[in-house]
Structures are given as C-alpha cells and as structure tokens.
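Observations on the model geometry
One letter stands for each residue in the lines below.
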Amino acid sequence: MLGQREQWGSRFGFIMAAVGSAVGLGNIWRFPYMAADNGGGIFFLCYLFALLTAGIPIMILEFGIGHKYRGSAPLTFFKINPKWEWLGWWQVLVCFFISIYYVVVIAWALSYVIFSLNIAWGDAPKDFFFGSYLKLTGGPFELGGINTQILLPLAVAWIVAFVAIYTGVKAGIERIAKYLIPILFFMVVFIVIRGVTLPGSAAGLNFLFEPDFSRIFDYKIWTAAYGQIFFDLSICFAIMITYSSYLPKKSDVVNNAFTTCLTNCSFSVLAGMAVFSILGHMAFTQGVDVKEVASAGVGLAFITFPAAISSLGSAAPIFGVLFFLALTFAGITSLISINEAAIASIMDKFEMGRKKATIMYTGTAAVCSLLFATGAGLYILDIVDHFTNNFGIVFAGLIQVLLLGWLFDLKSIKDHVNPISDFKIGNWWLFAIKVVTPLVAGYTGIMTLIGDLKKPYEGYPPDALFWMGWFVLIVIVVGGVLMASYKWKGEQTLVKGGISLDR
Ligand code: PHE
Ligand code: NA
C-alpha cells in the first residue's frame, strides 16, 4: 500500500483542490470583517506583506516536503526525523476540532440558501438567526437539545464530503473541486458586478479599501494580518503537506505554491467587494454611514448581509441564493481537505484502506459535530475556534518553522524544489522561514496568550473556557504525542522499502 500512493490527474486538478481548501468561509466572511475592523486598506497592505513573508514561503515549504517525502503530515515529519511525528498528529487533531464546527457553519449557509428563496428572515434578521434558527440558549453549558432544523443540511454537507473522500484523490476530491471552484468564481464575480453598479456601493468599497496610514505601526493590525494568513491559506494544518504528497514526481512546486496563494488572495478581495458594495448600498438606502451597518464576525454573513440584500427588492432572492451557495461551495471543498488530511494520516499509520478509514473517521466526526448543532452550539464554536486558531495553529506553525528552519537542513528542500521549478527560490525564502515567520508567529501567539490570561476570552465563564478551550489544547498536544508513540503498522515496510529514516 505504501508503494502505490494515489496521484492527482492533472496540474489544474491539483490547483483546484488546493485552492478549494484555501478558499473557504475565511475568505467570504472573515476577510471582509477583519479588513473593516482593522483600518481597511492598511490592513490589506499588511495582509499582502504577510502573504509574501509568511504565506507563500510556508506554502512552498509544505508543498516541498509533501512532494519530497510523499506522506501525510505525520508520515512526512516521521521521515524527516522519527522524533517529530507528533507535530503531524498535533496538526491532524487541530483539523479534527476545526472540522466539527466548520461543517456546522456550512450547514447554516445551506439553510440560508433555502431561506433566501422567500427571505425567511423578514426584517429582523438578527432575531431570526439567533432565535428562530439557532435557538441560542443562555450559555455554553445550556445545550437545549439538538436543533432539528440544522440536521438535514448538516447531513448533506457530511455526505458530500464523505463521497468525495471515499471515491479517492482523483475521482472524488479532484473532480468535485474542478467543478465547484470555477462555479464559485463566477457566482462571486456576478455578485460583484451587480454590487459595484448599485448606488452607494462606492462608500462601502472605500470603507473596505481606503488605507488609514496613521495606523501603520499599530501592532494589532499586524497581528490580525498574520493571524489571518495561516487559517486563510490552510497552512500549518497538515492539509497542504497531504495534498502535495499526491503530486507527480515532476511538478513545479514553487509555481503551484504562488498560484494557490495568489488565487486565494484574489478571492478574498472579490468576496470583500461583493459584500461591501452591497453593504454600501444598504447604508445609502437607509441614509446612514457604512460604519453603522458593518458588523463583525458570524453576524456579517448571517445577519448583516441578509439585511443588506433585502434592500435589493425583487432581485434579493437571486443574490441571497448566490451568496449562500457560494459560501456553501467554498466551505465544502475546505471541509473535504481538512478531513482528507486526517484520513490520509490514518491510512498511512495503520496501513488501512481509504474506504474503511473514511467510514470510521467521518462517522466519528459527524457524531461529534452534533454538539455544535445544539442551542449552545454557537458559544462552543466560538470558544473552540478561538483556541484552536490562535494557539493550536499558531504554535504548530511556530514549532514547524523552528524545527525545519533550525534543526534540519532547510537548504535540502530548496535543492529539492529548484530543479523542478521554473521560478527558483533563494535566500529570501530561507530568511522568511528561519527568521520572519518564527518571529511573527511567536509574537502573535504570545500576545494572544497574555491577553487571554489577563482577561477571559469574551467574558465566558472560566469552566467553559477550560473545557472547551484549554482542555481541547491539552487533548491536541497529548493526543499528538500518544499517537506518535504508537508503532507504525508499516514500519518494517518503511525500512525494507528502502525509504531512508534518517534526516
Ligand atoms: N482556508 C479556509 C478558509 O479560508 C479555512 C480552512 C482552514 C479550511 C483549514 C479547512 C482547513 O476558510
Ligand atoms: Na482562505
């Protein structure tokens, strides 16, 4: 089984799958409000800087090691150094915790596709979302039973992801991405074209893009920009290592990394334009400032945007359907990737077949995701999201660049990718991995940690923060070490197969 690794059918297919992972809920709702909250255009400049100094270099690194060592994250790290396998499992466990709430947000989006058909939220989208739809309870421990309205869309999201992974890399994952991503692109472009021609849209776009240069030294903007990059590009998540392990021997690693990153970034800009042009129009019709209508977080997609498209009159259902379908498609391809990263690891570790691993893993994850379909789901989601993203991912990323940059011959990766790539990487890349990314990831992680220790996140009760936050982190780290202490089912094969286990 180890000898015959699956492969992508074409370069285009691989790019679509990698872009499919990168382009997700993060582009459509997180990017626009991060920009809006952090000085608009100046955030965008910092974000581009983060893309060049951390995003693209790490993408090249992950594509490079995945392609060279041809393994899921745990197997790749094991082959690099048998003592580093736990880092791969750490990333896989982060994937697990993120996937079980990410899928629920996709389910909301799918519900809203249907709601858009008759604008079910009326003129009180906030009450509708928290009350009628989510049935939000008073706090994170008040589960209030499973919300049956979410069950059907949740099942749909899981089934689509399951089928894609079950049928395999080329026939499933690649094929679905090849259809969904181009469709997604056209849907978003369509919304943008209509959006920017609406009266008042300019004010919305200015709000999003106008740089406030006085804030260039504001460290909060810089940490927000670098924080967005990891989640946004699906890096330090085990995913891109896994996807690139299915690349054919002759693949232009550097070019693929640039294409994936720049396509993802363009999507964020497009999505931001789509959302903010329509928000600008709403502000215009209500005679208020854009600032007053732009809200943050989950609210942007499920409360503010619904309110905004209601201002489009008879065209509202079309834009609602397009927007929420775009959100769903973007989410589904990311959900597939986050599950594949874990399933590939199980297949490698236990020499298990794809079908069996997919059934066992998605079955478990689907059951766990029900917790987020309860009346307390939104609170639990908020806490798990905060801890996994700000600590789980940031520290996994930090350790990854420190280990590979300083305790490993990083040049060997450069020497691996340069002969197969048109565009050669040089000292800037080594410098970005060894110096820039550890500094910013370390700084960001430590600042958030200090912030959380000083003031409990969002004022949630301490026991909720413990069980849904700190404890999840403990499970990720301890679980990673335990999984790594378990012997490889194929360890003999690995050695016999002549794969070098030393660095
Ligand atoms: N990159 C995705 C986004 O922008 C988020 C994601 C990260 C999805 C990791 C899957 C895995 O939404
Ligand atoms: Na993204």
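Residues numbered from 1 in each chain as written. Chains lettered and ligands numbered in written order. Predicted model: local features only at pLDDT ≥ 70, side-chain atom pairs only at ≥ 80, totals over all residues. Heavy atoms only, no water.

The next subject is the overall build of the protein. Across its full length, the protein holds 21 helices and 0 strands. For 503 residues, the compact-globule estimate of 2.2 N^0.38 gives 23 Å, and the C-alpha radius of gyration of the protein, at 22 Å, lies within 12% of that figure. Considering only residue pairs separated by 6 or more positions, the protein has 85% of its internal contacts joining residues 24 or more positions apart. Computed over 32 positive and 28 negative side-chain charges, the separation of the two mean positions in the protein equals 11 Å. (Helix = DSSP H or I, 4+ residues; strand = E, 2+ residues; numbered from the N terminus. Rg over C-alpha atoms; globule rule 2.2 N^0.38 Å. Contact = heavy atoms within 4.5 Å. Lys, Arg positive; Asp, Glu negative; His and termini not counted. Charge placed at Lys NZ, Arg CZ, Asp CG, Glu CD.)

Trp 108, Leu 184, Phe 302 and Leu 327 are the most contacted members of the largest nonpolar core, which totals 191 residues. Ranked by residues supplied to this core, first place goes to helix α5 (residues 85-117) with 23 residues. In this view, Leu 327 contacts Leu 25, Ile 28, Trp 29, Ala 109, Ala 301 and Phe 302; residues no more than four positions away in its chain are not counted. (Core = buried A, V, L, I, M, F, W, Y, C linked by side-chain atoms within 4.5 Å. Buried < 20%, exposed > 50% of the residue type's maximum accessible area, 1.4 Å probe, protein only.)

Let us now look at the coordination of the sodium ion (ligand 2). The coordination sphere of the sodium ion (ligand 2), as far as protein atoms go, consists of Ala 22 (O), Asn 27 (OD1), Asp 232 (O), Asp 232 (OD) and Asn 264 (OD1), spread over 2.2 to 2.8 Å. Bound by 6 donor atoms, the sodium ion (ligand 2) shows angles of 81 to 176 degrees at the metal and therefore octahedral coordination geometry. Sequence positions of the residues that donate to the sodium ion (ligand 2) give the spacing A-x4-N-x204-D-x31-N. Remark: Asp 232 occurs in helix α10 (residues 219-233) and Ala 22 occurs in helix α1 (residues 11-22); sequence separation between them is 210 residues. Each of the two residues, Ala 22 as well as Asp 232, counts as buried. (Donors = N, O, S within 2.8 Å, 3.2 Å for Na, K, Ca; no water. Tetrahedral: all angles 85-135°; square planar, octahedral: opposite > 155°, others 65-115°.)

The next subject is the site of ligand 1. Close to ligand 1 lie 14 residues; Ala 22, Gly 26, Tyr 102, Phe 231 and Asp 232 are nearest. Contact between ligand 1 and Ala 22: a nitrogen atom at 2.8 Å from a main-chain N or O atom of the residue. Within the backbone of Gly 26, one N or O atom sits 2.6 Å away from an oxygen atom of ligand 1. Here ligand 1 loses 100% of its free accessible area of 320 Å² to cover by the protein chains. Assessed atom by atom at 2 Å from the grid points, ligand 1 resides in the largest cavity. (Near = heavy atom within 4 Å. Polar contact = N/O pair within 3.5 Å; in protein donor to acceptor, adjacent residues only side chain to side chain. Areas by Shrake-Rupley, 256 points an atom, 1.4 Å probe, with all protein chains shown as cover. 1 Å grid on protein atoms, 1.4 Å probe; cavity = no way out; pocket = protein on both sides within 12 Å on 5 of 7 lines; lining within 4 Å. Sits in = over half its atoms within 2 Å of the grid points.)

In this section: the pattern of salt bridges. In total, this model carries 6 salt bridges according to the counting rule given. Where Glu 85 meets Lys 349, a salt bridge forms, and the shortest distance between an N and an O atom there is 2.7 Å. On the criterion of sequence distance, the pair formed by Glu 85 in helix α5 and Lys 349 in helix α15 (residues 316-350) is long-range, its members being 264 residues apart. You'll find Glu 85 and Lys 349 in the same group, each marked buried. (Salt bridge = Lys/Arg side-chain N within 4 Å of Asp/Glu carboxyl O.)

Here we take up empty space enclosed by the protein. Summed over the entire model, instances satisfying the criterion amount to 2 cavities of 30 Å³ or more. Volume-wise, the largest cavity comes out at about 130 Å³. Only α1, α2 (25-37), α5, α10 and α15 provide two or more residues apiece to the lining of the largest cavity. Size it by volume and the second largest cavity reaches roughly 50 Å³. Ile 28, Val 188, Ile 191, Ala 271, Ala 274, Val 275, Phe 323 and Ala 326 together form the lining of the second largest cavity. Taken together, the elements giving at least two residues each to the lining of the second largest cavity come down to α8 (169-196), α12 (253-286) and α15. Take the lining of the second largest cavity: its biggest share by element is 3 residues, from α12. When grouped by side-chain class, the residues that make up the lining of the second largest cavity number 8 nonpolar, no polar and no charged. (Points joined across faces, edges and corners; volume = space filled by probe spheres on them. Nonpolar A, V, L, I, M, F, W, Y, C, P; charged D, E, K, R; others polar.)

If you trace the backbone, Asn 81 turns up in the loop between α4 (73-80) and α5. When the C-alpha positions of Asn 81 and Phe 408 are compared, they lie 8.8 Å apart, and in sequence the two are 327 residues distant.

With that settled, consider a nonpolar patch on the surface. A cluster of nonpolar side chains, Phe 141, Phe 466, Trp 467, Phe 471, Ile 474, Val 478 and Leu 482, forms an exposed patch at the surface whose accessible area comes to about 670 Å². Considering the arrangement of structural elements, one finds Trp 467 in helix α20 (residues 462-485). (Patch = residues over 30% accessible without salt bridge, like charges linked within 9 Å, V, L, I, M, F, W, Y side chains within 5 Å.)

What follows deals with the side chain of Asn 339. Structurally, the position occupied by Asn 339 is in helix α15. With a relative accessible area of 0%, Asn 339 lands in the buried category. Filtering out sequence-adjacent residues up to four positions away, Asn 339 remains in contact with Ser 99, Trp 158, Ile 165, Tyr 361 and Thr 362.

Bear in mind that shape data such as this cannot, by itself, settle questions of function.
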